[in-house]
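A closer look at the structure
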Number of protein chains: 2
Amino acid sequence: MAETVTDILIVGGGPAGMMTGITAAQFSPHKKVLVIRPETDAVIPCGIPYIFGTLGGTDEDMAGRAPLLAAGGQLQIGTVQQIDRVAHTATLSDGNVMHWERLVLATGAENFIPPIPGTGLEGVFSIRKDYDYLDTLFSTLIPQIKKLAIIGGGFIGVEFADEIRKRGIEVHIVEMLPHLMQAAFDPDACAAVEKQLRAHGVHIHTGARVEALLPDSGGRRVGQIQIAGQEALTVDAVLIAIGTRPQVALARDMGLTLSRSGGIWVDAFQRSREDPNIFAVGDCAHKQDFFTRKANHAMIASQAAAEGRIAGMNLYGLRQLRYNAGSVSIYASEIDGLAFGVAGLTERQAELEGFPILVGETRLPDHHPASMPNTTEIYCRIIFAADSLQILGGQILGGATTGELVNTIGLAIQMHASAPDLASMQFGSQPRLTPSLHPLVAAAGDALRRHYEPLHPCVTGDPHA
Amino acid sequence: MAETVTDILIVGGGPAGMMTGITAAQFSPHKKVLVIRPETDAVIPCGIPYIFGTLGGTDEDMAGRAPLLAAGGQLQIGTVQQIDRVAHTATLSDGNVMHWERLVLATGAENFIPPIPGTGLEGVFSIRKDYDYLDTLFSTLIPQIKKLAIIGGGFIGVEFADEIRKRGIEVHIVEMLPHLMQAAFDPDACAAVEKQLRAHGVHIHTGARVEALLPDSGGRRVGQIQIAGQEALTVDAVLIAIGTRPQVALARDMGLTLSRSGGIWVDAFQRSREDPNIFAVGDCAHKQDFFTRKANHAMIASQAAAEGRIAGMNLYGLRQLRYNAGSVSIYASEIDGLAFGVAGLTERQAELEGFPILVGETRLPDHHPASMPNTTEIYCRIIFAADSLQILGGQILGGATTGELVNTIGLAIQMHASAPDLASMQFGSQPRLTPSLHPLVAAAGDALRRHYEPLHPCVTGDPHA
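Residues numbered from 1 in each chain as written. Chains lettered and ligands numbered in written order. Predicted model: local features only at pLDDT ≥ 70, side-chain atom pairs only at ≥ 80, totals over all residues. Heavy atoms only, no water.

Per an unreviewed UniProt entry, chain A is named NAD(P)/FAD-dependent oxidoreductase, and its organism is Acidithiobacillus ferrooxidans. For the record of chain A, the UniProt heading Sequence similarities (unreviewed entry) holds the text "Belongs to the class-III pyridine nucleotide-disulfide oxidoreductase family." UniProt's Cofactor (unreviewed entry) comment on chain A is quoted here verbatim: "FAD". (UniProt positions renumbered as here; feature names shortened; annotations may be inferred.)

Written out as structure tokens, the structure reads:
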């Protein structure tokens, strides 16, 4: 069996692994950087729903290897079967052995399949971040579908529903909670998303628990979905999109510490507990919440890539230039012109954690005057801690700038901005590009007004008289 | 003569005055708030260029009085002629006298007309923020123009040029500096703006000094513009857009201290030097630069409105919830799909101030994958102080999200973010709404790489071996 030597071995080639490789190659140009993964070609994870509608094919959503190669890294297709963390070796499924100096686990997550009958039937599928798998899905399964049920009303379920309905397929979303998107948004934003989907013909079943998937007359293929207390719904395919679990088989076999929620334990520099030469990044790594240090289950590509940059920079001693401050949870999406995004805690989450909260809200047009072309209303709600006035989170419903507005809220959270900071914030305004008043400034002002009223209910004194 | 009494008198009804009135009415609900101004109707300042193209008329750019009235404030049309700051009275041009408890000067700015011959000819005009003036311009002068020269290649000149050329008018921009927009952007961004304007048929004369405006054969109307060292250019109208000067006649007569650059001296809460009951906001008030405390000449509506919010909140004792940290200078604009914006210092300005600088750059698509519809390239350049690694400024060339990206840079500056803060920044990414990598994260990473190289030119040691 062949033995090869690398300096940095990265196991897994999704956003976390690739970004680790790119960053490592840039910051340690004299080291050999190798990413190894089983998939020949990878896709851009957040682009997957759009393969089936807007993009019109898998080839339009390829995640290229060019940035890794340009940075000086290498990519190898293969499967790592076993790792010896004392000998610093990895054994591949073809028997070859690889020696490494630094190891980065970026093994990702696997879809969670609920323990109900029928999930093994033909036509029941979930989304995997694998080009070949998705291409087969696109070219063979999807064209046969007339009526699809999606189990799970989170981001993937909602985005997939909106794209797939554009192909003329009847779509039903089945969600156990009272609202779609409820884990991420406060109820009014959820209701706006539901309204938009319904306007496009998507059927929504909330507060609905799936009891079983039933076969069709042939007995091998899914034919019905049974929701508790309802008549069975006839479908010809079912997408399961209720979340993922960290893929940690290699890490467990190596004896690395796992967190109680199942991810690989990592410090603020993505280093394992056992060995500062072994790192973990992305969906397979445990995530702490920015506010509470509790587990945060935000398994998203942007977070994964951020962790890859942190690890890639700190492989050979701590640069202290990048570290993981805990997951803020920043998301956005869009359904046919209605964009919605969130950063940090929702009102409900903040209250559950025990924060006395102060909420500020605003509605304004995203261009000014509102008579400018393509003007959409922005709704912005910011949640502050009532006593310290620090920002805890924010939600936006709006148009094309929603994603960047949510990122601005994310930065405000990470920089520990307060309501006075945001109410005093300077901003640029331009008719074609922005509102005349920045939504964060308006919402922070609204919050301060609420804060101020009970303190000074009746201003009559004149300190300078 | 009638005598009336108000609690809060605000002189001037542009963005600064109106925002002061709205905020004061909200935060001091038991006080009588009165805004007085000469214009019957006001317009939204940054919307003015669009009256002449995109909006197609002055009525589409009205700045309503509804928000002031809804907050409980009042608006009176009139001209204040004299103010007695000891007696706390204001005398109007109709002889009526008004008593006040707090006074806010929001008297704005007047256009600077250069000392060259011919500026008094018919057909030579500048932009005033007055509905009646602009409506006359739109309905009488503009329809007669076939060939327009614009003196001044800043934001107003550039935006006006792009809108007016849509009416089939031949437009020439004459700028004294080597590039358009040079006061706000580094040269590569300026060059992109010039290229975009030229592609739309706008003629650009840079490094060009205007010597005189010459009359046509009738002798009363402008017929030619004489640029030094060139043949005179035949035109039938000239727009002068080279900046404004604070309008401080009332303040000077009252004996308020003015700054060396001509604005009313104000503290961080917009209070005059002489009397904490007298405030000044907007274009008439002196502005300090966020970084240097030198004079900053950013006379823009968003800054004016920000100062109005600060004053409105602090009229009766300092709330310390909002204060003026100095002008960051945040601007953006757009020419037919090419948007460009800036916050803070440019590379050139930072160097002139004596900052050793570190620059990070990136180019990436504003959606991902780049095959998504309506995808535009974003160019992002961030300037950091080389030693402290603090952010000093940033420039964006891009698409629809440019304005909000510039505002994110603005927030980073105001929160004193460092390159490591930004390189470690978490963000959301969504195919339809954002790049897969946040431009600030990418540019900060690029800067850190440059910072890091000379410190650790050859990493070979292994601290954990």
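A few words on the relation of the copies chain A and chain B. You can overlay chain A on chain B at an RMSD of 0.0 Å; the transform is a turn of 180 degrees with a shift of 0.0 Å along its axis. In short, the pair behaves as if placed about a two-fold rotation axis. Both copies share a contact surface, since 99% of the interface residues of chain A are interface residues in chain B too. (Least-squares fit on C-alpha atoms with pLDDT ≥ 70 in both. Contact = heavy atoms within 4.5 Å.)

Moving on, we come to the interface of chain A and chain B. Reports often express the size of an interface as the amount of accessible area lost when the parts come together. On the side of chain B, 91 residues touch chain A, which itself brings 92 residues to the contact. Together, the buried faces of chain A and chain B total about 7900 Å²; carbon and sulfur atoms form 60% of this surface. The largest per-residue losses of area from chain A upon contact with chain B belong to A:Glu404, A:Gln426 and A:Arg432, which jointly make up 10% of the total buried on that side. Where chain A meets chain B, there are 4 salt bridges. For the salt bridge of B:Arg432 with A:Glu334, the shortest nitrogen-to-oxygen distance reads 3.0 Å. Connecting chain A to chain B are 29 residue pairs in polar contact (both at pLDDT 80 or more). Elements that contribute at least two residues to the side of chain A that touches chain B include exactly helix 1 (15-27), helix 5 (155-164), helix 8 (301-313), strand 22 (330-335), helix 10 (402-414), helix 11 (419-423) and helix 12 (439-455) of chain A. Of the residues forming the side of chain A that touches chain B, the biggest block, 8 residues, is contributed by helix 10 of chain A. Of the residues contributing to the side of chain A that touches chain B, the split by class is 41 nonpolar, 33 polar and 18 charged. (Buried area = accessible area lost by both parts, 1.4 Å probe. Salt bridge = Lys/Arg side-chain N within 4 Å of Asp/Glu carboxyl O. Polar contact = N/O pair within 3.5 Å; in protein donor to acceptor, adjacent residues only side chain to side chain. Helix = DSSP H or I, 4+ residues; strand = E, 2+ residues; numbered from the N terminus. Nonpolar A, V, L, I, M, F, W, Y, C, P; charged D, E, K, R; others polar.)

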